[in-house]
Amino acid sequence: MMSRIQSLEQRIQELEELLEHSERKSDILTNLLKEATAEFNQVLEKVSTSEANFRAIIENAPEAIYILDLGNHRILDCNPFTTRWLGYPRPELLQMGIEQILTPGAEGVIENIRKAAAEGVVHIQERSFQKKDGSLVDAEVTGMVVEVQGKKCFVALARDVTERKKNEGLLRYKELFDNVIDPVFISHSQGAFLEVNDVACLRLQYPRQQLLKLTFTDIVRPTQLKVLRRMGEKVRSGETVQFEIETVTQSGEVIPFEFHSRLIDFQRKPAVLSVARDLSARKRMEEKLIRSERLSAVGEMASGVAHNFNNLLQMILGGGEAALKKLASGEIRKSREAILTLMEACHRGADIVRRIKEFTAAKNEGLDKAKVFDLGDLVSEAVQLTASLWANPANPGKYRLNYIRPLGGLIRGNPSELYEVLVNLIKNALEAMPEGGTLTISPEARQEHIYLSITDTGKGISEENRQRLFQPFFTTKGEKSSGLGLSSSYGIIKKHGGDMVVKSEPGAGATFTIILPRAGTLAEEEQSQTLADRTPAETKIKFLLIDDEKNILKMMEMFFEDSPVELTTAGTTERGLAAIYGDRFDAILCDFGMDGMNGLELGRAAWDYARQTGWPKTPFLLYTGVDKKLDPEELSRCGVDWVVRKPIACTELLRILYKIHQEHQTSGLC
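Residue numbers here run from 1 along each chain, matching the order of that chain's written sequence. With pLDDT at 70 or above as the cut-off, local features in this predicted model cover only qualifying residues; side-chain atom pairs require 80 or more to be listed or tallied, and sums for whole chains, interfaces and linings still use all residues. Water and hydrogen atoms were dropped before computing side-chain values, which therefore reflect all heavy atoms in the structure.

Caption draft 1: Summary view of the overall build of the protein. Regarding its fold elements, the protein presents 25 helices and 22 strands. Note on exposure labels: buried denotes an accessible area under 20% of the residue type's maximum, exposed denotes more than 50%, and partly exposed covers the range between, all computed with a 1.4 Å probe on protein chains only. Expressed as a percentage of its 670 residues, the buried residues of the protein come to 37%. Taking as baseline every contact in the protein between residues at least 6 positions apart, the subset at least 24 positions apart corresponds to 57%. Surface exposure of the protein reaches about 39,400 Å², of which carbon and sulfur atoms provide 53%. Secondary structure is summarised from DSSP: a helix means a run of H or I of at least four residues, a strand means a run of E of at least two, and numbering begins at the N terminus for each. In what follows, a contact means two residues having at least one pair of non-hydrogen atoms within 4.5 Å. For every accessible area listed, the method is Shrake-Rupley and the probe measures 1.4 Å; residues are considered covered only by the protein chains on display.

Quick look at the structure:
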């Protein structure tokens, strides 16, 4: 019994020891649990803080951050910057797919999403996004694949690079702007310069800062301001225009430019970009080619001119012999008819020479000196002078010419320029019929216009070539043609207020029709009665003629012998000056090409003498056959009041003398 009690006590003691040991372990575990709980709470607090910080970073990031569902490509979440950047409210944006916020038609979107799902990341790439208002922004996009609530998603970061790309574009534009070989101008829509490149400053000879204070109207010739205004209106309406205009440099040099202008945005404001191409070299080449074309045409007409002059010489020689014979037999009336024939032949010869000289002068003057004339006369002369081209004696049946002269074909213009057009069209028509054919020239007067058609039976013109016929340098003749004949002719007709149209079909020939406005009356000098017929016979005019050609002096003395003109002649400038110093005259006529002292120098000497003596200045006429345009300022300095071109009919010279005399009587100088 005693042993059992001892055994129980021993067991109780073991249990107490075990309990004490357990309590110690429990305390240890409790302490460990407390420590773990504290540590967990600390970690949880850190995680919460990190999540808050991460969320704050996302919410306040200066880039767009959005999460895509890789399955349906819908936007699951985004930061506030994304909504502000694209202009969508958050609820609306979270209902959209990625394709709806990218530029319409963006390529490679689905492929890039698949690649991101496979590789887990997307390397930086550029994308263009479309905002709610329709505007576009550029961005660099990168991101990675993550799991959100058990779904594979793509977190994307988009950084706006629109401004950077714009600056890069401006840098490239600036480099091009500074290095282009042509003048470039950026101007306000009203013409004030906002920016110019160095080439513009160099060509216009202005320092940069001075040029930027000017406008287009300051550098353009005043005569072309209408063109500038018209082109400005087109540009402001949104058109891209191309036009030619002449500018004036600071030193006064005139430079023709071809401008290409259009609207642009400059410094976020509308402006006009103009690129100018210097046409000086091209214009000089055109002038040379046109001159060459004209000289070529004259060369081809040489035999025709020779034929006409031989006919005229035959008329003069035969008429002179006939006049002498009839005078010897006392047949005065027939002698007079022969002399009139001589005079007509001389007038025709002088007119042919004048037109050929004007034709080869390669001038492009306006219509200030236009006169009224019969187009039929001009066409007849063109037909005659091109006879060597269509009436070849070696092949007389090759060409047939049909021409009926019209009635009432009066027009106003420059005969030499229109003559050039006619010769060119006749020449082209014949060249279009290398195997021969019929050339028809048919003028017709219709109400307010004259229609002159030149038709050939050649191979015709294709529609494509017909559209380009009047373009400079366009030709179907190869290297033997400059391509300027028709463009020059078209420009002349336009300058005369007319038009030129072409009708043609391949294989059916071609018809070129010139349309010119009709003139109502002949020129004043051709329609009025001569002053000589209306001036009283008792009026006396003291007239001094100075010329070193004895036959001219003799002819003039014979003509004025029985007229109201009291003629004094001098064969040298010394005798002429002696006559001026010794007497007073109503008019003086001096030949330009005198020996010792020319006509201009003598005119100056006569004017100086009048100033020295206090006498009124005597009207001074310069007589010349030189094919040279005299400087009006030099003529004025030398006291020349009138230029008389050789040859001139004595009756016309008498009319001029009476006109001068009447003017001076009216002014009280006679």
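We are not done yet, so read on.
Caption draft 2: Looking closely at a nonpolar patch on the surface. A patch consists of residues whose relative accessible area exceeds 30% and which take part in no salt bridge; residues with like charges are grouped when within 9 Å of each other, and nonpolar side chains (Val, Leu, Ile, Met, Phe, Trp, Tyr) when within 5 Å. Salt bridges are defined by distance alone: a side-chain nitrogen of Lys or Arg within 4 Å of a carboxyl oxygen of Asp or Glu. A grouping of Leu 324, Leu 327 and Ile 332 is seen on the molecular surface, where their side chains present a nonpolar patch of about 310 Å² in accessible area. Looking at where Ile 332 falls in the secondary structure, it is placed in helix H13 (residues 332–360).

Caption draft 3: Spotlight on the packing of helix H14 (residues 375–385) against helix H16 (residues 415–431). To obtain each axis, a line is fitted to C-alpha atoms, and for helices this fit is confined to the stretch in contact; angles are then taken between N-to-C directions over 0 to 180 degrees. One can describe the packing of H14 onto H16 by two numbers: an axis separation of 10 Å at closest approach and a directional angle of 50°. Between H14 and H16, the angle is such that the two are oblique. Our pair here, H14 against H16, has a crossing hand that is right-handed. Two secondary-structure elements touch here, H14 through Leu 378, Val 379, Glu 381, Ala 382 and Leu 385 and H16 through Pro 415, Leu 418, Tyr 419, Leu 422, Val 423 and Ile 426. Geometric relationships in this document are graded by angle, where less than 35 degrees denotes roughly parallel, more than 145 denotes roughly antiparallel, 65 to 115 denotes roughly perpendicular, and other angles denote oblique. Crossings are classed by handedness, with left-handed meaning an anticlockwise turn of the near helix from the far one by less than a right angle and right-handed meaning a clockwise turn.

Caption draft 4: Focus on the packing of helix H22 (residues 573–582) against helix H23 (residues 599–613). Contact geometry for H22 and H23: axes closest at 11 Å, N-to-C directions at 20°. The angle between the axes of H22 and H23 places the two elements in the roughly parallel class. Relative to H23, the crossing made by H22 is right-handed. Between H22, through Thr 573, Leu 577, Ile 580 and Tyr 581, and H23, the contact on the second element is made entirely by Leu 602, Ala 605, Ala 606 and Tyr 609. Each residue gets one label: Ala, Val, Leu, Ile, Met, Phe, Trp, Tyr, Cys and Pro are nonpolar, Asp, Glu, Lys and Arg are charged, and the others, such as Gly, are polar. Of the residues contributing to the contact of H22 with H23, the split by class is seven nonpolar, one polar and no charged.

Caption draft 5: Up close: unusual backbone geometry. For His 73, which is not a glycine, the phi torsion comes out positive at approximately 65°. Taking relative accessible area as the criterion, His 73 reaches 14% and is therefore assigned buried. Even without glycine at this site, Gln 205 takes up a positive phi of about 65°. Structurally, the position occupied by Gln 205 is in the loop between helix H7 (198–204) and helix H8 (208–211).

Caption draft 6: Highlighting the pattern of salt bridges. Counting across every chain of the model gives 16 salt bridges. In this structure, the salt-bridge partner of Lys 151 is Asp 69, at a minimum N-O distance of 3.8 Å. Highlighted residues: Lys 151 in strand S5 (residues 151–160) and Asp 69 in strand S1 (residues 64–69), separated in sequence by 82 residues. On the basis of relative accessibility, which here comes to 10%, the residue Asp 69 falls in the buried class. Put simply, Glu 246 and Arg 221 hold a salt bridge, and the shortest N to O gap is 2.6 Å. Placement of the pair is Glu 246 in strand S8 (residues 241–248) and Arg 221 in the loop between helix H9 (216–219) and helix H10 (225–236), with a sequence separation of 25 residues. Overall, Glu 246 belongs to the partly exposed group, its relative accessible area being 25%. Classification of Arg 221 by relative accessible area gives partly exposed; the value is 31%.

Worth remembering: the numbers are spatial, not functional.
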